Amino acid sequence: MIITTENLIYKYGVGTPFEKTALDNVSVSIREGDYVGLIGQTGSGKSTLISHFNAILKPTSGKVIVDGEDLWQDNKHKRIQTRFKVGLVFQYPEYQLFEDTVYNDIAFGPKNMGLSAEEIDSRIMKSIEFVGLDKKFLQKSPFELSGGQKRRVAIAGVMAMSPKVLILDEPAAGLDPKGRDEILARIREYHSETKSTVLLVSHSMEDIAQNAKSIIVMNRAKCIMHASVQQVFENAGMLEKIGLDIPQITRVFISLHNKGYNVSSNIYTVQDAAKEIMRCLKEGGLYD
Amino acid sequence: MIKDITLGQFFPGDSVIHKMDPRMKIILTVVFVAIIFVVKNFLGFAVAAIFLASAVLISKIPVRTVLKGIKPLLFIIIFTAFFNVFYGTGVKVFPDISWLSWLTYGGLERAVFMVIRIVLLIIGTSLMTYTTSPVMLSDAIERLLSPLKHLKVPVHELSMMMTIAMRFIPTLIDETEKITNAQKARGADFETGNIIRRAKALIPILIPLIVSAFRRAEELADAMECRCYNGGDGRTRYKIYNFSLRDYIASIIMLAVLAIVIVINIFF
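What you are looking at is a predicted structure, and each value in this text was computed from that prediction instead of being measured. (Residues numbered from 1 in each chain as written. Chains lettered and ligands numbered in written order. Predicted model: local features only at pLDDT ≥ 70, side-chain atom pairs only at ≥ 80, totals over all residues. Heavy atoms only, no water.)

### As for the overall build of chain A
The helix and strand tally for chain A stands at 11 helices and 11 strands. Relative to the globule expectation of 19 Å for 288 residues, the C-alpha radius of gyration of chain A, 21 Å, shows essentially globular dimensions. With respect to the three principal axes, the spread of C-alpha positions in chain A is 65 × 50 × 35 Å. When the 288 residues of chain A are sorted by exposure, 50% land in the buried category. Taking all contacts inside chain A whose residues are at least 6 apart in sequence as the whole, residues at least 24 apart take part in 61%. Counting every atom, chain A has about 13,400 Å² of accessible surface; 49% of that belongs to carbon and sulfur. Placing the 35 positive and 35 negative side-chain charges of chain A at their respective mean positions leaves the two points 3 Å apart. (Helix = DSSP H or I, 4+ residues; strand = E, 2+ residues; numbered from the N terminus. Rg over C-alpha atoms; globule rule 2.2 N^0.38 Å. Buried < 20%, exposed > 50% of the residue type's maximum accessible area, 1.4 Å probe, protein only. Contact = heavy atoms within 4.5 Å. Areas by Shrake-Rupley, 256 points an atom, 1.4 Å probe, with all protein chains shown as cover. Lys, Arg positive; Asp, Glu negative; His and termini not counted. Charge placed at Lys NZ, Arg CZ, Asp CG, Glu CD.)

### Re the interface of chain B and chain A
Taken residue by residue, the interface counts 21 residues in chain B and 23 residues in chain A. Counting across the interface, chain B meets chain A through one salt bridge. When the shortest N-O distance is used, the salt bridge between R186 of chain B and D105 of chain A registers 3.1 Å. Taken together, chain B and chain A are joined by three residue pairs in polar contact (both at pLDDT 80 or more). When contributions to the side of chain B that touches chain A are tallied by element, the ones reaching two or more residues are α1 (2-8), α9 (155-185) and α11 (203-226) of chain B. A breakdown of the residues in the side of chain B that touches chain A according to their chemical character gives 12 nonpolar, four polar and five charged. (Salt bridge = Lys/Arg side-chain N within 4 Å of Asp/Glu carboxyl O. Polar contact = N/O pair within 3.5 Å; in protein donor to acceptor, adjacent residues only side chain to side chain. Nonpolar A, V, L, I, M, F, W, Y, C, P; charged D, E, K, R; others polar.)

### Notes on unusual backbone geometry
Positive phi, normally seen in glycine, also occurs at A55 of chain A, with a value near 65°. On the basis of relative accessibility, which here comes to 3%, the residue A55 of chain A falls in the buried class. In this structure, C228 of chain B is a non-glycine residue whose phi angle is positive, near 60°. Within the secondary structure, C228 of chain B sits in the loop between α11 and α12 (245-267). Using a relative accessible area of 62% as the deciding quantity, one classes C228 of chain B as exposed.

### Things to note about the environment of Y248 of chain B
Inspection of the secondary structure assignment puts Y248 of chain B in helix α12. Its relative accessible area of 45% is what places Y248 of chain B among the partly exposed residues.

### Description of the state of the cysteines
The tally for this structure, following the rule as stated, stands at zero disulfides over all chains. No disulfide involves C228 of chain B; its nearest neighbouring cysteine sulfur is the one of C226 of chain B, lying 8.4 Å away. (Disulfide = S-S within 2.5 Å.)

### Here's the deal with the sheet that holds strand β9 (residues 197-201) of chain A
Residues and elements named next belong to chain A. If you walk across this open sheet you meet the six strands as β7-β8-β9-β4-β10-β11, and the pairing is mixed. Each end of this open sheet is capped by a strand with a single partner; those strands are β7 (86-89) and β11 (222-228). Mean inter-strand twist for the sheet, computed between neighbouring axes without regard to direction, equals 15°. Where helix α1 (residues 46-53) meets the sheet, its contacts fall on β4 (35-40), β7, β8 (165-169), β9 and β10 (214-219), and the angle it forms with β4 comes to roughly 140°. Packed on one face of the sheet, helix α5 (residues 147-159) meets β7 and β8 and runs near 170° to β7. (Pairing = 2+ DSSP bridges. Axes fitted to C-alpha atoms, helices over the stretch in contact; angles between N-to-C directions.)

### Some points on the domain arrangement of chain B
By the assigned domains, chain B splits into domain 1 (9-132 + 241-267) and domain 2 (156-226). Computed over C-alpha atoms only, the centres of domain 1 of chain B and domain 2 of chain B are separated by 36 Å. (Domains from an automatic or database assignment.)

### Points about the nonpolar core
Within the largest apolar cluster, 53 residues are counted, with the highest numbers of intra-cluster contacts made by I106, V217 and F233 of chain A. No other element matches the six residues that α5 of chain A contributes to this core. Excluding residues within four positions of it along the chain, I106 of chain A makes contact with I124, S127, I128, L138, V153, A156, G157 and A160 of chain A. Judged by nonpolar contacts, the second largest core, of 32 residues, contains V56, I77, I118 and A250 of chain B. (Core = buried A, V, L, I, M, F, W, Y, C linked by side-chain atoms within 4.5 Å.)

### Observations concerning the pattern of salt bridges
Here the structure, examined in full by the defined rule, presents 20 salt bridges over all chains. For K85 of chain A, the salt bridge is made with D67 of chain A, and the minimal N-O distance between the two is 3.8 Å. Of this pair, K85 of chain A sits in helix α2 (residues 76-85) while D67 of chain A sits in the loop between β5 (61-66) and β6 (69-70), and the two are 18 residues apart along the sequence. Where E175 of chain B meets R216 of chain B, a salt bridge forms, and the shortest distance between an N and an O atom there is 2.4 Å. Within this pair, whereas E175 of chain B is found in helix α9, its partner R216 of chain B is found in helix α11, the two being separated by 41 residues in sequence. You can call E175 of chain B buried: its relative accessible area is 9%.

### Points about the packing of aromatic side chains
Residues and elements named next belong to chain B. Overall, the coordinates contain 13 aromatic pairs over all chains when judged by the stated rule. Seen from their ring centres, F45 and F113 are 4.8 Å apart, and the 45° between their planes marks the pair as tilted. In this pair, F45 sits in helix α4 (residues 42-59) while F113 sits in helix α7 (residues 105-131), placing the two residues 68 residues apart along the sequence. Relative accessible area serves as the criterion here: at 3%, F45 is assigned to the buried category. Centre to centre, the rings of F243 and Y248 are 6.2 Å apart; their planes meet at 65°, and the pair counts as edge-to-face. Feature note: the residues F75, F79, F82, F83 and F86 constitute an aromatic cluster, connected by ring pairs. (Phe/Tyr/Trp six-rings, centres within 6.5 Å; stacked < 30°, edge-to-face > 60°.)

### Looking at α11 of chain B
An ideal rise of 1.5 Å per residue puts 34 Å on 24 residues; α11 of chain B measures up with 35 Å between its terminal C-alpha atoms. Taken as a whole, α11 of chain B has its buried residues at P204, I205, P208, L209, S212 and M224 of chain B. For α11 of chain B, the secondary structure elements touched by its buried residues are α3 (102-113) of chain A together with α9 and α10 (195-201) of chain B. Note on α11 of chain B: the residue one or two positions beyond its end, C228 of chain B, has a positive phi of about 60°. (Expected span 1.5 Å × (residues − 1).)

This is the structure:
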């Protein structure tokens, strides 16, 4: 297990009339090398949970264990080291850019790690390749770029630290469908190439089904489920009750299945759907 | 959310003082400040303190909250008291100890007098900000200053700027927190090193913050223009303030306090 939380509780505004429990007894474990999807309604505690994984927030009670180390038991230096192990890309990360060139901005994280200039340079080259940016952007000011390009620079800035775990909070929010697919494909590539653990927070069940291997479901400050994609999406009724959904394509196949067609109802991506239809047509002898 | 309360000062409620016309509240606060400076002896302060205490009770604002307002200014209060001790004349407290011979009863009295004056000033003025929302406050200031329009002072523009500035304080605090966390996630360290290092560490926060402040300003300007905002001329108001009975009663009480203080000054 690369990240484990034990009975994690986090309260905002303790001691004021505005006290609110944002995380209520959350115990989750994330396997090394997994691609985890984190879903839940707005305000269910997703962002609060991921902010605990790299010691940005301090638990009100409970433990956060990263790579075998209890984050809040030791000194501050360890926690800063944790931030290099668990790279966190916040929502709308393009607003964090500040350097005069894209190159320097991506270098910020690796520089804080205390790496040599050559190492930093090679990491920058690798990370812009991962996010699919041309090298000609490196000497430009980040403020000249388009929104989508800025976001890639920001993600590259975290990837350049080569974290063992990469956490992305809605990395595709506000992008057009093409930019969306592109960025998610890049992250998938990063995951398979570096064998690192990835945690994706998203409101899109399609994106989650397309990418994740397991899913954590949050509802009202609690983690109510952590299981495989299939096990989670089998509970369409439960998901709907907490304001979530199943992928559209799954909905289509469940209806087909219920109408008596000989198709599986466990279809979560369009690619699988295409295969399933082909199989069905072949079996029916209508197509060969 | 916690930050909003301490920063915005406003403490929602529905007491008589909350409901008073904000213009009257500003005028009476100015009168109260004047009273505090008119007072010449401790008896006068007693009258002002009793008046203020009853006002706080009527406003139903927790006494603890009111006293908390003094905390940030504690240093100034202590500083003032400390220096006033030296300016005293009269009987020495320790006539036999040579290195304490400067300490006089007159000086001590002066120090206590100044502390009471500052504390009453802080509580009196913060009572106004506790019971009046920032928007009402700037609205009232605009109206009180509106005669200056004849002198070509851009009163409406000034108050609009004030309102916008106050409106965006919580937003910018939020934004600062977000950017700080994002840079922390990239290993930025704001807590160690000497002053120069720490000041340099703020650059990754300040630049995105300024950039986003400009972006927000542009967006707001566009949004205002889309709704045909073109300054104060001919603009009607959603809320019309009228002085009511409670405003007149409040001003009579305040004038009575002023009168009592003056009488005390003359006779005691």
